[in-house]
Amino acid sequence: QGRKEEGAKFDGVNQHTLWSFHRLKPLIGVKITKVFSGPIASHCVALSNNGHCYTWGRNENGQLGHGHDINVYNPTIVKVPGGKTIKGGSCGPHHTL
């Protein structure tokens, strides 16, 4: 729910700390070609072979690209304007490129 228990926003999914590899239900059947994260970033970006960009994790600064600042614990497709596709990425502690 965030580093500060009080006032943390989340998307209604219980927060879990994952200590090993897990399948993420929204990505079952999706061929992921690239994944981006960082040592301090508390969010992830995954690109699929069909051009979709999925993001999830902490989102206090809107770094997930969904137009809000609510933490998202399930991979969610980012709506990219103009029919463009994302080819790469990088995650920082409070931003995504």
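Here the structure is shown first, and the text comes after it.
What this report covers is the structure whose coordinates are included nearby. Keep in mind that what you see is a predicted model, and the values were worked out from it rather than measured. (Residues numbered from 1 in each chain as written. Predicted model: local features only at pLDDT ≥ 70, side-chain atom pairs only at ≥ 80, totals over all residues. Heavy atoms only, no water.)

1. Some words on the sheet that holds strand 1 (residues 32-36)
Pairing between sheet strands relies on hydrogen bonds along the backbone, with the strands arranged either parallel or antiparallel. Spatial strand order, 1-2-3-4: four strands in an open sheet with antiparallel pairing. Each of the sheet's edge strands pairs with one partner strand only, and the pair in question is strand 1 and strand 4 (72-77). Recorded for the sheet is a direction-independent mean angle of 15° between the axes of neighbouring strands. Sheet topology places strand 3 (residues 53-57) next to strand 4; three bridges connect them, and they run antiparallel. Residue pairing for strand 4: Thr55 is matched across the bridge by Thr76. (Pairing = 2+ DSSP bridges. Helix = DSSP H or I, 4+ residues; strand = E, 2+ residues; numbered from the N terminus. Axes fitted to C-alpha atoms, helices over the stretch in contact; angles between N-to-C directions.)

2. Side note on the environment of His68
Structurally, the position occupied by His68 is in the loop between strand 3 and strand 4. The class of His68 is partly exposed, set by a relative accessible area of 30%. (Buried < 20%, exposed > 50% of the residue type's maximum accessible area, 1.4 Å probe, protein only.)

3. Quick notes on the side chain of Thr55
In this fold, Thr55 is placed in strand 3. You can call Thr55 buried: its relative accessible area is 2%. In terms of polar contacts, Thr55 uses its side chain to reach the backbone carbonyl oxygen of Leu64, at 2.9 Å. A distance of 2.7 Å separates polar atoms of two side chains, one belonging to Thr55 and the other to His66. In this structure, Thr55 is in contact with Cys44, Val45, Leu64, His66, Val72, Asn74, Pro75, Thr76 and Val78, ignoring residues within four places of it in sequence. (Polar contact = N/O pair within 3.5 Å; in protein donor to acceptor, adjacent residues only side chain to side chain. Contact = heavy atoms within 4.5 Å.)

4. Considerations on the pairing of strand 2 (residues 43-48)
For a regular strand, the rule is simple: side chains alternate between the two faces of the sheet. Among the six residues of strand 2, five are classified as buried, and the element is accordingly described as predominantly covered. Pairing of strand 1 with strand 2, which is carried by four bridges, proceeds in the antiparallel orientation. Its bridge partner lying in strand 2, Phe36 is registered against Val45. Counting the residues between successive antiparallel strands, the hairpin from strand 1 to strand 2 contains six residues. Where strand 2 meets strand 3, five bridges bridge the pair, whose relative direction is antiparallel.

5. What to know about the pattern of salt bridges
What the rule picks out here adds up to one salt bridge. In this structure, the salt-bridge partner of Arg58 is Glu60, at a minimum N-O distance of 2.4 Å. Classification of Arg58 as buried rests on a relative accessible area of 14%. (Salt bridge = Lys/Arg side-chain N within 4 Å of Asp/Glu carboxyl O.)

6. Notes on the nonpolar core
Looking at soluble globular proteins, one finds that nonpolar side chains tend to be buried together. One finds Phe36, Ala41, Val45, Leu47, Cys53, Val78 and Cys91 forming the largest nonpolar core, which totals seven residues. With near-sequence residues (within four places) excluded, Leu47 lies in contact with Lys31, Ile32, Thr33, Lys34, Phe36, His52, Cys53, Ile86, Lys87 and Gly88. (Core = buried A, V, L, I, M, F, W, Y, C linked by side-chain atoms within 4.5 Å.)

7. Observations regarding the side chain of Gln63
Its place among the elements puts Gln63 in the loop between strand 3 and strand 4. Polar side-chain contacts of Gln63 include one of 3.3 Å to the backbone oxygen of Arg58.

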